[in-house]
Amino acid sequence: TSSYKIVFEAEKMYEMCLCETKFSSIFFQVVIWRAVASIAWSVLLLPVTTAVFVLLSRFSLFHPIQWISDCTSLLTASSTIFSLVVLLFMSLFVFPLVVPSIPCSRMALLGTVLHPRQCVHSLVYCTMGMLVMWCASVTIGGRYSTLGTPCRQSESGEVVTCLNEYHLFLLLAGAFMGYSHSFLGVVQNMYYVSFQPIQQYKYPRFKGCLPMVVKCSVIQALYSARNFAALYFFFGYVPKTWISSTLNLQIDSSLQPLDSLTGLLDFSLLYHLSISGAFLYLTWYLTVLLFRIYVTEAYSFPVQSTFTEDAEQCLPKVLAEKNTLVMKFLALQDLALLSQHSLSRRLEVFNLSQPGGHPHNWNAISGECLCLLSELTQRLVAHQDAVASNGRVKSQSASSDTRSASSSSSEDIAETPRLSVPVLTAPFTPDVDSPFSSPAIRRLVGQQDPHSPWSGTVQSPHIMRRGPKLWMSSSVAGEKGSSRFSVIPLHGLETPVNSCSCHTLNCSAQVKSFLAKRVLIMYLFNKLPEASSQALFADSQAHIWALQGLSHLVAASFSEDQFGVVQTTLPNILSCLVVLLEAVDRHFKLPHASSKPVRTLCSMGDSTYKTLRFALRAALKTAIYKITTTFGEHLK
């Protein structure tokens, strides 16, 4: 028996490894090759952008012939070729995200910026920025070419090497722009890859986005040049002194220092700094743009395979993928497209398996879509319960009915994994006599808080009774009117608590109230407007595609489903959609949930995730309307 068990486990592990190998092969075919193609195109565009930078850096209005000849000789020089080789490595650092990272408070944003992974990312981009600026300074030549330059002769007749502050200025500017790019990548979600609602070919999309990329590069370079000039004006002497003492380079006192107002008001310096920064940002932005175009291109997965070895590469299996979100999003996008535009592939979804005659394709696809929608419903209900329990009276029947309906709509879907979300709070039964009940609840039921400063007779609105101070003992607090806790009502049960634990709870509550009154603490820990709502719907593009795919497949089954496989799950689909619509409508009644986001002037960060909740609500209503108008009276 033990030998049979070992053989069975070995066969099971072999099948799991074989499935992972097959999935990794399709992942390599789809995502890795697209990433390689985008990097290859960005590398091919480097000579073009470098030639434009050389022409602008050596621009001479009064000597055009000499300008063109100098640029031609410079483009074929060994230093330019070496600079191109250095620039090739910049195109390899792209970090795609299909679900944006949305911090809900300023403290969470600060923690994201100071995360060790983000610090390493910023260090890498600072290094790359310095390398690009070094290549740019060598290309410009003249006073920017080297870090050390001969300045004067010493008393012994030897030539003294002095620090070239212009070269140092460009290098530090490159590090600053690299950190700015890394920082804005977190704040503006620059590496978030959004899928376009209308598919375009790669070349028209690139040609349409190219003017915006150039504009954003120039604007960001001007902002970075201004900010770095101001930073160098105040703190430029620190790196200058440290580098001169470390490398044993003298500071030429005959030249005007750049950390002064007259040194920074140099038109040639600011011009070369701006075009170098624009070249740096343009190289990065083109890499990001090409990666977005290639990765989000639609891919057609097979609905069913003839051979069992290719089953892991079919659409139902890829839809159930949890680890690689890019593949899951591509599969959902393909589902939405086939449900609208491909009759032959829809018939494959409605077909029965042979032998056996089971609708495995439809059960797997509809089950995964309903699982996604049920998870979103549970997430919205949990958020509404959390908001309602925060000092607000919540509706008992609405929340319980929503939870029961969402659970009943998804319990009939077979062989589909679910995320178990526990019920967060019990049905709301306010206990006004409890010391933990909210003052807002006491006001609603008509009872006044005895510990309120306005309780009792107050002769003047300017006279208030002070409560117990911070760190006050319970005995002193009791003398001044505060009661000592003895019983904590919890779900209808009375649990006796000793005086020590009550004192600890009292002190912790006073500490929280004391910190909540501090302006800096409130500024850091307060929720950002719309952030919670945006975070709830951050991955709603997948739910939109699931809604579109389900609704179009159900509507098409009215005339194309020969075996009636859709009719078995139609009640579950309709109930799931209606319950989700109720949860979405309740969410839009919360503060800041229905406000439109502010548009930025020019940014490479994709802000489409900020409006996903509005797109989801529209797609949900459209899906319900499409199903009900198609079936009509037959729904009864």
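Residues numbered from 1 in each chain as written. Predicted model: local features only at pLDDT ≥ 70, side-chain atom pairs only at ≥ 80, totals over all residues. Heavy atoms only, no water.

As annotated in an unreviewed UniProt entry, the protein carries the name Nucleoporin NDC1 and is attributed to Cyprinus carpio. As stated in UniProt under Function (unreviewed entry), the record for the protein gives "Component of the nuclear pore complex (NPC), which plays a key role in de novo assembly and insertion of NPC in the nuclear envelope. Required for NPC and nuclear envelope assembly, possibly by forming a link between the nuclear envelope membrane and soluble nucleoporins, thereby anchoring the NPC in the membrane." Heading Sequence similarities (unreviewed entry) of the UniProt record for the protein holds this comment: "Belongs to the NDC1 family." (UniProt positions renumbered as here; feature names shortened; annotations may be inferred.)

Caption draft 1: Spatial organisation of the overall build of the protein. If you tally the helices and strands in the protein, you get 23 helices and four strands. Counting only residues that meet the buried cut, the protein has 41% of its 636 residues in that class. Sequence-distant contacts, at least 24 apart, represent 75% of the contacts inside the protein between residues at least 6 apart. As displayed, the protein has an accessible area near 35,200 Å², and 63% of this comes from carbon and sulfur atoms. (Helix = DSSP H or I, 4+ residues; strand = E, 2+ residues; numbered from the N terminus. Buried < 20%, exposed > 50% of the residue type's maximum accessible area, 1.4 Å probe, protein only. Contact = heavy atoms within 4.5 Å. Areas by Shrake-Rupley, 256 points an atom, 1.4 Å probe, with all protein chains shown as cover.)

Caption draft 2: Structural detail: the nonpolar core. With 67 residues, the main nonpolar core has W362 and L577 as its most contacted residues. With residues up to four places along the chain from it excluded, the contact list for L577 reads L373, L547, L620, A623, I624 and I627. Counting residues in each nonpolar core, the second largest holds 44 residues, with Y166, L184, Y232 and F279 among its members. (Core = buried A, V, L, I, M, F, W, Y, C linked by side-chain atoms within 4.5 Å.)

Caption draft 3: Inspection of helix α6 (residues 165-187) at higher detail. With 23 residues, α6 ought to run about 33 Å at 1.5 Å a step, and its terminal C-alpha atoms sit 32 Å apart, in line with that. Burial analysis of α6 places 18 of its 23 residues in the buried class, the great majority of the element. Following α6 by one or two positions, N189 adopts a phi angle in the positive range, close to 50°. (Expected span 1.5 Å × (residues − 1).)

Caption draft 4: Here's a closer look at the pattern of salt bridges. Evaluated as defined, the whole model comprises 11 salt bridges. Of the charged contacts in the structure, one is a salt bridge between D259 and K240, with a shortest N-O distance of 3.5 Å. Here the residue D259 occupies a position in the loop between α8 (237-246) and α9 (261-264), and K240 occupies one in helix α8, the gap between them amounting to 19 residues. Each member of the pair, D259 as well as K240, is classed as buried. A salt bridge links R379 to D539; the nearest nitrogen and oxygen atoms lie 3.2 Å apart. With R379 in helix α14 (residues 360-388) and D539 in the loop between α20 (531-536) and α21 (540-560), the pair connects residues that are 160 residues apart, well separated along the chain. We classify D539 as partly exposed; its relative accessible area is 22%. (Salt bridge = Lys/Arg side-chain N within 4 Å of Asp/Glu carboxyl O.)

Caption draft 5: Spotlight on helix α12 (residues 325-341). In this model, α12 (17 residues) spans 24 Å end to end at C-alpha, consistent with the 24 Å of a helix rising 1.5 Å per residue. By the criterion of burial, α12 is predominantly enclosed, with 13 of the 17 residues buried.

Caption draft 6: The arrangement of a nonpolar patch on the surface in detail. A contiguous nonpolar patch, built from L231, F233, F234, F235, Y237, V238, L261 and L265 and spanning about 850 Å² of accessible area, is present on the exposed surface. Contributions of two or more residues to the nonpolar patch are made by α7 (202-235) and α8. Looking at the nonpolar patch, the element that brings in the most residues is α7, giving four residues. Along the polypeptide, F233 turns up in helix α7. (Patch = residues over 30% accessible without salt bridge, like charges linked within 9 Å, V, L, I, M, F, W, Y side chains within 5 Å.)

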